[in-house]
Structures are given as structure tokens and as C-alpha cells.
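What follows is the residue order along each chain.
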Amino acid sequence: MPAGTLHYGQGPARAHAPGLSQARMVRIEQDILGKNDAYARANREHLAGQAILALNLVSSPGSGKTSLLTRTLTALKDRHPLAVIEGDQETAFDADRIRATGVPALQINTGKGCHLDAHMVGQALAQIALPAGGILFIENVGNLVCPAAFDLGEAAKVAILSVTEGADKPLKYPDMFHAARLMIINKMDLLPYVDFDVDQAIAYARRINPQLQVLTVSATRGDGFDAWLAWLDTELGAVKQTRIDSLESELARLRGA
């Protein structure tokens, strides 16, 4: 450990809480995440049964996540059924921005909570219209720490990093970039005006997650959006094909019974 550093993430729990042993913290985390994972499995089965692609959008505050989402919805709403679950500690500002695009949105306010969990999302699924064969975007609370550990039943986590942040974010918050399947570097229109090394950010992220896919976009100007929309089409196509394969397998079983 470097001199002048106190590191509280090196024990089995990889965290610290005054008065709790590492073993006790591990047991508490396993209990919480075990219950969350059961809800996540139920959400995933529900979504798979309707061939719905669910994506968990994660980032720090100010990355342009909502702007990216509203532009995406405007581009896709005439091509696919869409719905959004919005997560924030307070207010419904972002849900209102989503509804202004004509896409249904349900707001989840977490209060002091720093992330969405699978039980919250399951409750939302019971209230929001989700046409079969569409895309559900889950915009998580702005936070690169807590949401990394909580499976919501999504097909993939999409981590958004903006050029107005540090290129070293993937190394500072490794759990999130390890959990993500796609990293979007946003606000590329501002690149000439900030000190951000795109290649370095990608290298840092792939040091954490060698399989991480990366796209660069500008949510305000539209740069890179064709590639992002193509990625969404491919992912939705895979979800639909999995559902078709499952139905054909079940049909073959019934015929052979």
C-alpha cells in the first residue's frame, strides 16, 4: 500500500463499517444480495417471457444519461415499443423529460437510497405497460458505486462516462465497469475543450473488463448514434430469437410427450 494511504477495501467484505467485523459484513451483504437476486430472477423470467430487452443505464451524476436516453427514445419510438423506469432519490424531473418524448415512464424515488434494487423494479413492472418485443430502459440513480452490486433482472448494464469526467474513472470505480457489458463515452462534442484522453479511458476500462464493448457518442449533436442504435437493434434481436427458440423447444417437447 502506498505511504499516506488508508485502504478499507482490502478485507473480505471490501468495505468498512464501524463496530462490524469483516465476517459479519460479508454475511449481511450475502443476505441482502441473495434476496435481491431472487427478485432479479423473477424480473428476468417475466421480461424473457415477453421478449423484452431490459437495460440498466448507470453513471455518475452529470454524465448526460437522461439526454442520451431522450434522444434514443425519439429515434426509436416509431420502430419499437419502449418504456422507461426512472430512478432518483427525489423529484420526477427526469421522468417528466421522458414522458415529453411520448414514451411511458414510471418514476422510482429512493429517498436516502443510492441505487435501485430488483424488488423496486419488480413493483414498477407491475404498473408500467411493457408491450412484448420492446425495450425497457432502467435509468439508475446517478452513482458509480452501489448500483454495481445489484442485479435488477436486466440483460446488460450500460455504463455512461462523459468526457467532462476523468479518464481514470474506470480504475477508481472498478466494480461498475467490471459489471457493465457496454461503456458509452458521451459528450464527444466537448472533447476539443476538455483534457480527456479517450484511448486512455478505454484502456483503463478494458484493464478492468477485457470484454467491455465501447461506443463514443454525443447525445446533444448525435455523433455515434447510428452505432448505438444498431447495438440496441442487435441486442433486441437476440432477445427475440431466444424467446422463439424457447417456444419452439417447448412445442417440440409437447409434441413428443
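This structure is a prediction, so every number in the text was calculated from the model and none was measured. (Residues numbered from 1 in each chain as written. Predicted model: local features only at pLDDT ≥ 70, side-chain atom pairs only at ≥ 80, totals over all residues. Heavy atoms only, no water.)

**Some remarks on the nonpolar core**
Next, step 1: Core analysis: the largest hydrophobic core is formed by 31 residues, its most contacted members being Leu 55, Phe 137, Trp 228 and Leu 232.
Next, step 2: Counting residues per element, the ones that place at least two in this core are strand E1 (53-59), helix H2 (65-76), strand E2 (82-88), helix H3 (93-99), strand E4 (135-139), strand E5 (156-162), strand E6 (182-186) and helix H8 (225-256).
Next, step 3: Of all the elements, H8 adds the most residues to this core, at seven residues.
Next, step 4: Sequence-distant contacts of Leu 232, that is, excluding residues within four places in its chain, are made with Leu 53, Leu 55, Thr 72, Leu 76, Ile 135 and Phe 137.
Next, step 5: Counting 20 residues, the second largest nonpolar core, distinct from the first, contains Ala 148, Val 163, Ala 180 and Phe 196. (Core = buried A, V, L, I, M, F, W, Y, C linked by side-chain atoms within 4.5 Å. Buried < 20%, exposed > 50% of the residue type's maximum accessible area, 1.4 Å probe, protein only. Helix = DSSP H or I, 4+ residues; strand = E, 2+ residues; numbered from the N terminus. Contact = heavy atoms within 4.5 Å.)

**As for the environment of Met 176**
Next, step 1: Mapped onto the elements of the fold, Met 176 is located in helix H6 (residues 174-179).
Next, step 2: Put simply, Met 176 and Lys 157 are 19 residues apart on the chain and 8.7 Å apart in space, counted from C-alpha to C-alpha.
Next, step 3: Setting aside chain neighbours within four positions, we find Met 176 in contact with Val 58, Asn 143, Leu 144, Pro 147, Ala 148 and Lys 157.

**Comments concerning the pattern of salt bridges**
Where charged atoms of side chains with opposite charge meet at close range, the side chains can pair.
Next, step 1: For the structure on display, the rule yields ten salt bridges.
Next, step 2: When the shortest N-O distance is used, the salt bridge between Glu 165 and Lys 169 registers 2.5 Å.
Next, step 3: Since its relative accessible area comes to 12%, Glu 165 is described here as buried.
Next, step 4: As a salt-bridge pair, Arg 221 and Asp 223 come within 2.6 Å of each other at their nearest N and O atoms. (Salt bridge = Lys/Arg side-chain N within 4 Å of Asp/Glu carboxyl O.)

**What to know about the side chain of Asn 209**
Next, step 1: Along the chain, the position of Asn 209 falls in the loop between helix H7 (198-208) and strand E7 (213-216).
Next, step 2: For Asn 209, a relative accessible area of 8% gives the class buried.
Next, step 3: A distance of 2.8 Å separates a polar atom in the side chain of Asn 209 from the backbone oxygen of Ala 180. (Polar contact = N/O pair within 3.5 Å; in protein donor to acceptor, adjacent residues only side chain to side chain.)

**Here we look at a nonpolar patch on the surface**
Next, step 1: On the surface, Leu 20, Ile 28 and Ile 32 cluster together into a nonpolar patch covering about 220 Å² of accessible area.
Next, step 2: Topologically, Ile 32 is positioned in helix H1 (residues 22-49). (Patch = residues over 30% accessible without salt bridge, like charges linked within 9 Å, V, L, I, M, F, W, Y side chains within 5 Å. Areas by Shrake-Rupley, 256 points an atom, 1.4 Å probe, with all protein chains shown as cover.)

**Here we look at H7**
Next, step 1: Of the residues making up H7, those classed as buried are Val 198, Ala 201, Ile 202, Tyr 204 and Ala 205. Buried residues of H7 fall within an arc of 160° about the axis and therefore sit on the same side. Exposed and facing more than 90 degrees away from the buried side of H7 are Asp 199 and Arg 207.
Next, step 2: Check the buried side of H7 and you find it contacts E5, helix H5 (169-172), E6 and E7. (Arc of directions from axis to C-beta.)

**Digging into the packing of H1 against helix H4 (residues 118-125)**
Next, step 1: Remark: H1 packs on H4, axes separated minimally by 8 Å, with the N-to-C direction vectors making an angle of 30°. At the point where H1 passes H4, the crossing takes the left-handed sense. Taking contact as the criterion, the partners of Asn 36, Tyr 39, Ala 40, Asn 43, His 46 and Leu 47 in H1 are, on H4, Ala 118, His 119, Val 121, Gly 122 and Leu 125.
Next, step 2: Broken down by class, the residue content of the contact of H1 with H4 amounts to six nonpolar, five polar and no charged. (Axes fitted to C-alpha atoms, helices over the stretch in contact; angles between N-to-C directions. Left-handed = near helix turned anticlockwise from the far one by under 90°. Nonpolar A, V, L, I, M, F, W, Y, C, P; charged D, E, K, R; others polar.)

**Brief notes about H1**
Since the α-helix turns once every 3.6 residues, residues separated by three or four places project in the same direction.
Next, step 1: The terminal C-alpha atoms of H1, which comprises 28 residues, lie 40 Å apart, in line with the 40 Å expected from a rise of 1.5 Å per residue.
Next, step 2: All of the buried residues in H1 are Met 25, Leu 33, Asn 36, Ala 40, Asn 43 and Leu 47.
Next, step 3: Residues of H1 that are buried sit in contact with E1, H4 and E4.
Next, step 4: Phi for Ala 51, located one or two positions after H1, is positive at around 55°. (Expected span 1.5 Å × (residues − 1).)

**Here's the deal with the packing of aromatic side chains**
Any pair of aromatic rings gets described here by the distance separating the centres and the angle formed by the planes.
Next, step 1: Summed over all chains, the structure comprises one aromatic pair.
Next, step 2: Taken together, a centroid distance of 5.9 Å and an interplanar angle of 15° make the contact between Trp 228 and Trp 231 stacked. With a gap of three residues between them, Trp 228 and Trp 231 both fall in helix H8, about one helical turn apart. In this structure, Trp 228 and Trp 231 share a single accessibility class: buried. (Phe/Tyr/Trp six-rings, centres within 6.5 Å; stacked < 30°, edge-to-face > 60°.)

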